[in-house]
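Chain by chain, the residues run as shown.
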Amino acid sequence: MDALYNRLLVSRFTECFEFYREILPALTGATLVKGSPNGPYANWDADGQAVLALYDRGLLAITLGTAGLPAEPPPVQDTAMMVFRVDNVDEALSLCLRNGGSLAAVATNRPEWGPNLRTAHLRDPDGRLIELQSY
């Protein structure tokens, strides 16, 4: 049973599908269980447990009766991010950028956050903030 997992509501389904299809196996060991670039749903599991799912934001808006609302808020500070603990931040960042991610903050040692902590920040094709970290 999947107790808790992330389901991202995405506007750019194909681009997000391709991004996560390329990075999740290397970063988490997750494999695609269901879905295709055509959407509207896809999910990846590791060891029989859900790691991440994508769903078309527009279809959920229709279900909820919110299709008339704006899909994107005005620019605001981020309210959430996905964090991947990786063995090598620089290699993981390179993988993500090669597959459609956009750089938000370069890989940096952050001793003020914790001993031996190194992070990098990027955005997925839908603009969602991701932190890569090693320690």
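As shown above, the structure is provided for reference.
Remember, it's a predicted structure, so these values are computed and weren't measured experimentally.

> What should I look at first to understand the nonpolar core in this one?
One finds Tyr20, Leu27, Trp44, Leu54, Phe84, Ile130 and Leu132 to be the most contacted residues of the largest nonpolar core, which totals 29 residues. Within the residue set of this core, elements represented by two or more residues are strand E1 (6-10), helix H1 (13-28), strand E3 (41-46), strand E4 (49-56), strand E5 (82-85), helix H3 (89-98), strand E7 (118-123) and strand E8 (129-134). For isoleucine 130, the residues in contact, after removing those within four places along its chain, are Phe19, Tyr20, Met82, Phe84, Ala120, His121, Leu122 and Asp124.

> What is the right way to look at the sheet that holds E8 in this model?
What holds strands together in a sheet is hydrogen bonding between their backbones, with the strands either parallel or antiparallel. Pairing within the open sheet is mixed, and its four strands lie in the order E5-E8-E7-E6. Unpaired on one side and paired on the other, E5 and strand E6 (102-109) mark the two borders of the sheet. Averaged over all pairs of adjacent strands, the angle between strand axes in this sheet comes to 15°, irrespective of strand direction. Relative to E8, E7 runs antiparallel, the two being bridged by six bridges. Note on E8: the bridge partner recorded for histidine 121 is glutamate 131.

> Could you clarify how one ought to interpret the pattern of salt bridges in this entry?
Opposite charge on two side chains permits them to pair, given that their charged atoms come into close proximity. All told, the structure shown has seven salt bridges when counted by the stated rule. Salt-bridge contacts for glutamate 15 lead to arginine 12; the nearest nitrogen and oxygen are separated by 3.8 Å. When its relative accessible area of 35% is taken as the criterion, glutamate 15 is described as partly exposed. Among the residues examined, arginine 12 registers a relative accessible area of 40% and is labelled partly exposed.

> I would appreciate a short explanation of unusual backbone geometry in the present structure.
A cis amide bond, omega 5°, links glycine 39 with the succeeding residue proline 40. Topologically, proline 40 is positioned in the loop between strand E2 (31-35) and E3. Of note, the phi angle at aspartate 47 is positive, near 55°, even though the residue is not glycine. Given a relative accessible area of 82%, aspartate 47 falls into the exposed group. With a phi angle near 60°, asparagine 116 is a residue other than glycine that sits in the positive phi range. Along the polypeptide, asparagine 116 turns up in the loop between E6 and E7.

Parameters and conventions
Residues numbered from 1 in each chain as written. Predicted model: local features only at pLDDT ≥ 70, side-chain atom pairs only at ≥ 80, totals over all residues. Heavy atoms only, no water. Core = buried A, V, L, I, M, F, W, Y, C linked by side-chain atoms within 4.5 Å. Buried < 20%, exposed > 50% of the residue type's maximum accessible area, 1.4 Å probe, protein only. Helix = DSSP H or I, 4+ residues; strand = E, 2+ residues; numbered from the N terminus. Contact = heavy atoms within 4.5 Å. Pairing = 2+ DSSP bridges. Axes fitted to C-alpha atoms, helices over the stretch in contact; angles between N-to-C directions. Salt bridge = Lys/Arg side-chain N within 4 Å of Asp/Glu carboxyl O.

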